[in-house]
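# Fold and contact review
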Amino acid sequence: MKKLLAISGLLLLGDAAMVMAEPERIALVLGGGGARGAAHIGVLEVLEQERVPVDCIVGTSMGGLVAGSYAAGLSPKMMREKLSEADWTDIFLDLADYSQLSYRQKRVSRRYLAGTQIGLSERGFQIQPGVVAGEKIKLFFNQLVDEDLGERNIEQLSIPLAIVATDIGTGERVVFREGSLTQAMRASMSVPGLMSPVEYQGRKLVDGGLVDNVPVDVARDLCKADRVIVVNVGSPLRSPENVGSLLSVTAQMIGILTKQNVERSLSTLTGVDIYIAPELGDIRASDFARYEEAAATGRAAAERQRAALRELSVSANAYALWGQKRRNPVRDAPVIDEIAIAPTKRVHPDYVARHIQQQEKHVLDRALLEQDLIRTYGDGFYDSVDYRVVRRDERNVLEILVRERDWGSDYLTFGFAIDNEYRQGSSFNARGAYRNTWLNSYGGEFFATVDVGGKPSMELNFYQPLMPNQSFFVEPLYFRKRDAIGIYSDAHQVAEYTLDTSYYELALGKNFGVYGQSKLGWREYHMRGSADISAIVLPDVYERYGGIIYELNLDRRNRLYFPSHGWRADISYFDSQGDEEYQKLSLDLGAAYKLDQFVFGARAAHITSLRGALPVYDAVMLGGFLNMSGYASNQILGDDAFYAHVRAERIMGRMPLGLNGDLRLGIGIEGARLEQVYTLATSDTWLDSAVVYLGGETPLGPLYLGYGFTFSGDYNFYLQLGAL
C-alpha cells in the first residue's frame, strides 16, 4: 500500500513538473500615438534580438498598424524600409496629382477652394467628416501587408491579432479579431476631425485611442496571457499656456480622454508584466518624417528592459520555428483573370473602368493600380476607392471597390479672391457654385457659378457626355462678366472703361483622359463698353455678333498655382462673322521644372488677329501680376502681342501635414511686344518688366505678395489671396 502511494505521489509530482514546464503565454500590447508609434519598431528589434516570441499581439492606432504588420509577417527591418520609402506629405493628401485630374475636375479646382464642398441630400447639408478622407493612407496599408498578393484577413494570420477602434456614434470599443486587416488598421487610425471615419457594419469607427489606447485587457483575453509586454507611446498633455486656440483645445480634450483610459489600463499590470515607455521628447504625433528617431528611442527604451525580457527568451531553435510560422511564404504577384467593378448607384461602371489600366491575363501591377485608383478618387464622386484580390472559381479576381458619397449628387462649393493692387486698388470677390451631377447614366451635369464683388460674373453650363466613358460630349453654356479697365496717362489712371461681355455657346467636345480636352462650336457675343469720361480714345461699344470657336486645353502640371514640374498648353481660335470681321488666335504655353530646392518656370503667349485688327472689346490685355507686373492690371490693350517670362523660385518651407503646397521666394523677368497699342502712350512696342514675390499655397488658396517694376521707372505692389 505504501508503495502504491509512493508511486502515485511520484506520478502527481511528474504531472506538476510537466505543468510547470509549459512556457508562459506572452501578449504584446502596442499603444497609439501617431508618428510616435514608430518607436514600436525599435522595441520589436530588441524582442527579436532577445528571442522573445509572443503568443498574441494587440494594437491601437499606430500601434495597430505596427501590430498588424508584424502579425502579417513583416520584420522590423522591413517596416523601416517601408517607412523610408513613404512620402508622408503625399500620403496625407487625398487628391491625385493635379496632372492626373480630369479636365472637368481641374476646372472646379481652378476657381473653388478644396474642402468647401457641401452636399445636398434629404438629410440636409452634408460635409466631409474629416480634413483627410484617408484614400492614400488605406492604399499604403495595402502595400504594407501585400494586399495586392491576396486578401489579408485577421483570422487567417498565424499570430492571434486584435486591433482596437471606437464607435463614434455610441462611444463603444470595437475590437477587430477578424475581417480585413487593412480596414481594421485604417479604422483604428482615424483621428476624429482629421481623418474621415470608417463605415463598418452600420457603425462609424474612429481612433481606438479615445476608449482604449493601451488595450491590456484585450490582450489578456485574446490568448489567455500569463505576462504582458506593454509599450506606451502616447503624447503628453500640453501645458496650460499652450492651450488657447480651438484646435489646441480639441487636441487637449482628446489627450485627456486618452490619458484617463491609459491610466485605467496600466493599473491592471502586475509585477510579472513588462512596461516600456520610450522617452520621445518633442516628437509629435504628426512627425512621421522623424520615424528613424522614434524607432531609435523605442529601441533604447527596450534595451533598458533587457534583463526582464531575457526571462522570456527561448532557445534559438524554438525561436526560429516560431519565426518561420509567423513569416508568410514568398508569393508572386498574381495573374489577374478578371476585373470586376463593384456595383454603383449612380456612377456608370464604364466611367470607373476608364481609369483602370490593368489588363486581364496579365500580372497585377500594384503601383499602376494605385495610381489609377487615386485618379478615380480624384473625380470627386466617392467616399473611398479601394481594391482587393480574391480567389473565385479557381480564378484571381481584381475587385475595384468604389463607395459613392452618401449625400447624393448635388453639391455647393465656394471660393473667394482678394486682389489688392497698388496701381488699381482693392478688389474682393465671393464665389459660389451649384453642381448637379449624374443626371443620367452617361454623367450629364449642370453647373451654375456666380461671382459677386469687384469682378462680377456668372456662368450656366450643361455638360452631356455622349457615351459612358465620356470621351465625347456636348456642352451648351451661357457666360457673363464685367471688367473695369483703367485708362492711364503717365502712370496715372485718368479714366475707367467698363466692358460687359456675355455670350452663348454650343460646342462638341473631346476629352483626352488626364491630358485635357478640345471643343469646336459656335459662340454668340453681346458686348457693351463705355468710359466714365468722354475724352479718351476708346469708343463706346454695343455689338452683337457670332462666330466659330475652337479650343484645345492641355495641362500636365503637378499643381495648379505652384507647380514644381509639368507643362500646359492652351490654344483658342475665334472666327468672327460679325460686321467687324476678324480672326483671333491665342497660344499660351507654360512649364515648370524642379532642381533640388529651386523651381524654374517659363510662360510664353502670342495673341493676334489672322484677319483684320482685334477690336477693343476683344483685344489683348496685359498688365498685372506675372502678366507684365510693373503695369496695372489690363493697363495695356492692343493687337498682335507676344508675352514671355522666366522665373526662378526658392522653396523656403512646406505646409503642415495634411495640407498641400510650399512657401517660395521668387523672381521673374518679363517682356512683351505689341504691333499696335490702344491704351498706352508709348512709341516703343517693346515693353519690359520684372517681379519679386513671396508666395505659397494655404488652406484659403494661393497667397502672393509681390513687387513689380519696369526698367523705365513704373512699379506696382500686389497682395493676392484666394482662388484667383
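Each value, and the rule that gives it
- Residues numbered from 1 in each chain as written.
- Predicted model: local features only at pLDDT ≥ 70, side-chain atom pairs only at ≥ 80, totals over all residues.
- Heavy atoms only, no water.
- Pairing = 2+ DSSP bridges.
- Helix = DSSP H or I, 4+ residues; strand = E, 2+ residues; numbered from the N terminus.
- Axes fitted to C-alpha atoms, helices over the stretch in contact; angles between N-to-C directions.
- Parallel < 35°, antiparallel > 145°, perpendicular 65-115°, else oblique.
- Left-handed = near helix turned anticlockwise from the far one by under 90°.
- Contact = heavy atoms within 4.5 Å.
- Nonpolar A, V, L, I, M, F, W, Y, C, P; charged D, E, K, R; others polar.
- Phe/Tyr/Trp six-rings, centres within 6.5 Å; stacked < 30°, edge-to-face > 60°.
- Buried < 20%, exposed > 50% of the residue type's maximum accessible area, 1.4 Å probe, protein only.
- Lys NZ or Arg CZ within 6 Å of the ring centre and 35° of its normal.
- Domains from an automatic or database assignment.
- Salt bridge = Lys/Arg side-chain N within 4 Å of Asp/Glu carboxyl O.
- Core = buried A, V, L, I, M, F, W, Y, C linked by side-chain atoms within 4.5 Å.

### Looking at the pairing of strand β33 (residues 701-709)
Note: strand β32 (residues 686-698) against β33, 9 bridges, orientation antiparallel. Within the sheet, the bridge partner assigned to E697 lies in β33 and is P702. Hairpin remark: β32 followed by β33, antiparallel, with 2 residues in the connecting loop. Direction of pairing for β33 relative to strand β34 (residues 715-722): antiparallel, over a ladder of 7 bridges. The residue bridging Y707 from the neighbouring strand is F717, located in β34. Here β33 hands over to β34 after 5 residues, with G713 in that stretch at a positive phi of 115°.

### Some points on the packing of helix α2 (residues 39-49) against helix α12 (residues 291-303)
A packed helix pair is summarised by two numbers, namely the angle formed by the two axes and the spacing between the axes. Contact geometry of α2 with α12 gives a least axis separation of 6 Å together with a crossing angle of 40°. The angle between α2 and α12 places the two elements in the oblique class. Of the two possible hands of crossing, α2 and α12 adopt the one that is right-handed. Across the interface between the two elements, A39, I41, G42, V43, E45, V46 and Q49 from α2 touch A294, A295, G298, R299, A302 and E303 from α12. Here the residues of the contact of α2 with α12 sort into 7 nonpolar, 3 polar and 3 charged.

### Side note on the packing of aromatic side chains
For any two aromatic rings, the description comes down to two numbers: the centre-to-centre distance and the angle of the planes. Summed over the entire model, instances satisfying the criterion amount to 33 aromatic pairs. Measuring from centroid to centroid gives 5.0 Å for Y478 and Y504, while their planes differ by 45°, and the two rings are tilted. Of this pair, Y478 sits in strand β22 (residues 472-489) while Y504 sits in strand β23 (residues 492-511), and the two are 26 residues apart along the sequence. The exposure class of Y478 is buried, given its relative accessible area of 18%. Seen from their ring centres, F625 and Y704 are 4.9 Å apart, and the 55° between their planes marks the pair as tilted. With F625 in the loop between β29 (620-622) and β30 (636-654) and Y704 in strand β33, the pair connects residues that are 79 residues apart, well separated along the chain. Neither F625 nor Y704 differs from the other in exposure class; each is buried. Three or more aromatic residues link up through ring pairs in this structure, and these residues are F479, Y503, Y525, Y545, F574, Y582 and Y617. Note that K106 overlies the ring of Y98, its terminal NZ or CZ placed 5.6 Å from the centroid. Lying over the aromatic face of F598, R650 brings its terminal NZ or CZ to 5.3 Å of the ring centre.

### Quick word on the domain arrangement of the protein chain
In terms of domains, the protein chain is made up of domain 1 (26-94 + 134-326), domain 2 (335-404) and domain 3 (410-722). Relative to domain 3, the C-alpha centre of domain 1 lies at a distance of 50 Å.

### Here's the deal with the environment of P615
With respect to the helices, strands and loops of the structure, P615 is situated in the loop between β28 (598-611) and β29. You can call P615 buried: its relative accessible area is 3%. With 63 residues separating them along the chain, P615 and Y678 place their C-alpha atoms 9.7 Å apart. Ignoring anything within four residues of it in the chain, the contact list for P615 reads E580, Y582 and Y678.

### Some words on the pattern of salt bridges
Taken as a whole and assessed by the stated rule, the structure comprises 60 salt bridges. A salt bridge links D483 to K481, with the shortest nitrogen-to-oxygen separation between them at 3.3 Å. Assessed through its relative accessible area of 31%, K481 is described here as partly exposed. One salt bridge connects D588 with R603, and the closest N-O pair in it is separated by 3.0 Å. One end of the pair, D588, is in strand β27 (residues 583-595); the other, R603, is in strand β28, and 15 residues separate them in sequence. The class of D588 is buried, set by a relative accessible area of 18%. Note on R603: relative accessible area 18%, which makes it buried.

### Considerations on the nonpolar core
L28, I57, L161, F176, L181 and I229 are the most contacted members of the largest nonpolar core, which totals 68 residues. Apart from residues lying up to four places away in sequence, F176 is in contact with I154, L161, A162, I163, A165, A184, A187, Y200 and L205. Counting residues in hydrophobic clusters, the runner-up holds 39 residues, among them L113, I374, F381 and A723.

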